[in-house]
Amino acid sequence: MATTDAESGAEHLDRPLVTPGFLENRRYQVELAETASRDHALVCLPTGLGKTTVSLLVTADRLATVGGKSLMLAPTKPLVQQHAEFYREALEVADDDIVVFTGEVSPADRAALWEDARVVIATPQVVENDLVGNRISLAPVTHCTFDECHRATGDYAYNYIAERYHTDAENPLVTGMSASPGDDEEAILEVCENLGLSEVAVMTEDDADVDEYTHDTSVEWKRIELPEVVREIRDAINEVVADRLEKLRELGVTRKTSPDISEREIQGMQAELRTLMNNDQSEGYQGMSFLAEIRKLRTAVTYVETQSVESLVRYFERLKEAARSSGASKADQRLVNEPKIREAMRKANGYDDLHPKFRQTRMLLAETLGIENGERIIVFTESRDTAETLVEFLSAHFETEKFVGQSDTDGSEGMTQNEQQETLDRFRAGEFEVLVSTSVAEEGLDVPEVDLVLFYEPVPTAIRAIQRKGRTGRQAEGRVVVLLAEDTRDEAYFWKARNDQKRMENELNELKGVAGELEAQLDQTALDEYEDSEGDGTGDNGTDGARSETGGESERTGSDGQADLGAFAPEPGEAGDTEETDEKSESDADGTVAKPEGDDDAVQIVADQRELDSTIARDLSTREGIETRLETLAVGDYVLSDRVVVERKTVSDFLDTLTGGDRSMFEQVGDASRHYARPVVVIEGEDLYGARNVHHRAIQGALASLAVDFGASILRTSDEQETADLLAVVAEREQDVSEREVSVHGEKQSRTLPEQQEYVVAAIGEVGPVTARSLLEHFGSVEAVMTAAKEDLLEVAGVGEVTADRIRDVVGGEYGERD
């Protein structure tokens, strides 16, 4: 249905839950929304033509017809805020029911807001944390949107969230949105498979329904000639690159000594050097140091060629600071003392002119804002250093402000979310003319129509070029200019971006024509996965997914006949480590993680927030029968019971402890042994004795110290998946077999008096927190517990002969006696 605005004559959509008279009735948006409402769909639409409107129409339909709640994910905080503002205007849903989840909202507040919200708009990292931490449930989510879905590759949070959503949601529907889903069909298929999409809906600027809302955008490039002094500085740096490549050639890892090597060639050399290192050959370590110099020098060349001499000077100042630090690498020290580099920096420091791109930028801005009476311009640059220098330079002639990301980078201040929003609001309102932005404004932000988009340097990927170009040409003919320094890396990036963009445009057009064929491929992939899981009775890792209740030899073996980790966990009723166990408590007091209602059989694993850099916690959170929690742990990386804490170290981390003078590992394990009866150190990775040039006696000495001095059990795993398997087995053994609780010791700097009293009593032998509370409730004080006779102790529920004897032995035994 549509209504007509009496004043403008434009038709507006009339839909349930959509604000009347707010959304223009665009046929292509309605068609895309209808497709996305039928099935999990990838929606491809050029930037600026209303992908968010399509998602909103699907959300409104789902909320009105199915109920539940909607989740929309976007990669940046400013984009999340922008979507929230649009949804609050366009949906007839109370503003308080549309909530924003970013890192600025505390986990506790997010958990509370989630319960009552109808629409949640969030960054993916926050939702990932909340899912791993078991703070939210996706069960009631009836529509999940992945904005800028081309990011759904590798380990990006979108992939994990999509997997959880398809598994947990009672009535799922997924919409992926992007103006540029991938450079080729393979990349697009990967995105669809990772998000579980089975339909593809594409509209291009060639479609009649879209054409009336687009305008031509001219793209031109201006070649810039580098001054003689700048070329001399660059050539001096490249001579050092050639020298280091010659040293690598002598080591036999490359045949090329020309400084115009590609990143792919560098990665090939790195692989060769790693092989030498794995064979404990000193040439590998020597060559890796030379390669580190080459990478730094290539960055320096990029600065001087494509950015500015001032950016180069700043970069080398940072290298000098690094070389003067206590842990400086040999590569940094050699670089700053290299005579040719010192001469190049002398010339750079004496150069009192700006890069010619600065003058060209000023001329283009004057032409657009002055002669052509333009109103707004965006200048994009890769470097925050260059952005700040440009703002300083342009502000003398134009009203100019910067727009950069939030994190601090190399001493450069970032912008908070509020500062970003205020800057965009003032730019939209015309309070200044020129916005100088780094890549943060590329994706999806509702930056106003501009008269010129200026690329200070070419962008090496088609996706980013399309995002930037999308800032112009929405309501009127726009202009895009790319500055290109001749005979520099700019030219290679320009042609790569141009070729990639043409290929992507062709792919999108082909995709539109063969959408049915692509959907058939996606359907076949889903069918194959189903048959794999159903046909051979295996789980994701190829082993028996559930133990047989009838017993038999196959119960605790993998598909290859070898015993798996579960084979070593005793069955309920077998002898455990204690003669008595305490009843599980539903108490959620600080320090004890109670099992949630409705899932008493779930095994609990508490992971430290910092462990989210690995995939272990995410992996565990997807396993049936396991509930994960996230905490900022004062002790350990994973807590598996009231007595077992795990400190995880990769082989690299472990060896760093032995070679870098950092003794933090021993301090961490010492803390673990003071708080937990059974500390465990997991060393993850292959070739502990061959990964570095570290003497085997030093490694053995460290392992002996951990075991003997700290009482830690040392377990080895090959990778993150094997570590996750091990943690699951130990947690199951502790909680299901030995019926122990999960207790996070030492998590609070200041405990309440009852907590401290429980902690003191629970520290005796293996009393545990539940028995400690029972003893204190019975006797009234720690002193009374400690002085109680054995007969009195036996009167307390849950205390048997073993526990009573243990308390009396600890309290009354002579110090120095051994069991």
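Keep in mind that what you see is a predicted model, and the values were worked out from it rather than measured. (Residues numbered from 1 in each chain as written. Predicted model: local features only at pLDDT ≥ 70, side-chain atom pairs only at ≥ 80, totals over all residues. Heavy atoms only, no water.)

Asker: Describe the pairing of strand 13 (residues 434–437), with residues and values.
Answerer: Residues of strand 13 alternate between two faces, with V434 and V436 on one and L435 and S437 on the opposite face, all of them buried. Summarising the sheet, strand 11 (residues 377–380) and strand 13 pair through four bridges and their orientation is parallel. Residue pairing for strand 13: F380 is matched across the bridge by S437. As defined by bridge partners, strand 12 (residues 400–403) adjoins strand 13 across four bridges and the pair is classed as parallel. Residue pairing in the sheet places E401 in a bridge with L435 of strand 13. (Buried < 20%, exposed > 50% of the residue type's maximum accessible area, 1.4 Å probe, protein only. Helix = DSSP H or I, 4+ residues; strand = E, 2+ residues; numbered from the N terminus. Pairing = 2+ DSSP bridges.)

Asker: Go over the sheet that holds strand 17 (residues 603–608), please, and point to the residues and values.
Answerer: The mixed open sheet is built from six strands, whose spatial order is 18-17-19-20-21-22. Looking at strand neighbours, the two that pair on one side only are strand 18 (626–631) and strand 22 (713–717), the edges of this open sheet. Of the strand pairs in this sheet, strand 19 (residues 638–639) and strand 20 (residues 644–650) are connected by two bridges, and their pairing is antiparallel. Pairing of V639 across the sheet is with V645, part of strand 20.

Asker: Can you tell me about the nonpolar core, naming the residues and giving the values?
Answerer: Judged by nonpolar contacts, the single largest core of 57 residues is most densely connected at L71, L73, F146 and L195. The biggest single contributor to this core is helix 6 (residues 157–168), with six residues. Sequence-distant contacts of F146, that is, excluding residues within four places in its chain, are made with L73, Y158, I161, A162, V174, T175, G176, M177 and L195. Listed in part, the 40 residues of the second largest apolar core include I266, L297, A300 and A348. (Core = buried A, V, L, I, M, F, W, Y, C linked by side-chain atoms within 4.5 Å. Contact = heavy atoms within 4.5 Å.)

Asker: Can you explain helix 15 (residues 356–371)? Please cite residues and give values.
Answerer: Counted at 1.5 Å a residue, the expected span for helix 15 with its 16 residues is 22 Å, and the 22 Å between its end C-alpha atoms agrees. Those residues of helix 15 lying buried are P356, K357, F358, Q360, T361, L364, L365, T368 and L369. N373, located one to two residues past helix 15, shows a positive phi value of around 55°. (Expected span 1.5 Å × (residues − 1).)

Asker: Pulling in residues and values, what's your account of the side chain of D637?
Answerer: With respect to the secondary-structure elements, D637 resides in the loop between strand 18 and strand 19. Look at D637: it is buried, it has no salt bridge, and the nearest opposite charge is K649 at 5.9 Å. Apart from residues no more than four positions distant in its own chain, D637 is found in contact with V606, A607, D608, E611, V646, E647 and R648. (Lys, Arg positive; Asp, Glu negative; His and termini not counted. Salt bridge = Lys/Arg side-chain N within 4 Å of Asp/Glu carboxyl O.)

Asker: Which residues make up the side chain of S705, and what values go with them?
Answerer: With respect to the helices and strands, S705 occurs in helix 24 (residues 696–709). Ignoring sequence-local partners within four residues, the contact set of S705 consists of F666 and F710.

Asker: Describe in detail the sheet that holds strand 8 (residues 174–178), supporting the description with residues and values.
Answerer: Reading across from one edge, 5-6-4-7-8-3-9 is the order of the seven strands in this open sheet, with parallel pairing throughout. The open sheet has two edge strands with one neighbour each: strand 5 (98–101) and strand 9 (199–202). Within the sheet, the average angular offset between the axes of one strand and its neighbour, ignoring direction, is 15°. Relative to strand 9, strand 3 (residues 41–44) is paired through four bridges, and the arrangement is parallel. In the sheet register, A41 faces strand 9, and the bridge partner there is E199. Where helix 1 (residues 27–38) meets the sheet, its contacts fall on strand 3, strand 8 and strand 9, and the angle it forms with strand 9 comes to roughly 175°. Of the strands in this sheet, strand 4 (69–73), strand 5 and strand 6 (119–122) touch helix 5 (residues 124–132), which is tilted by about 125° from strand 4. (Axes fitted to C-alpha atoms, helices over the stretch in contact; angles between N-to-C directions.)

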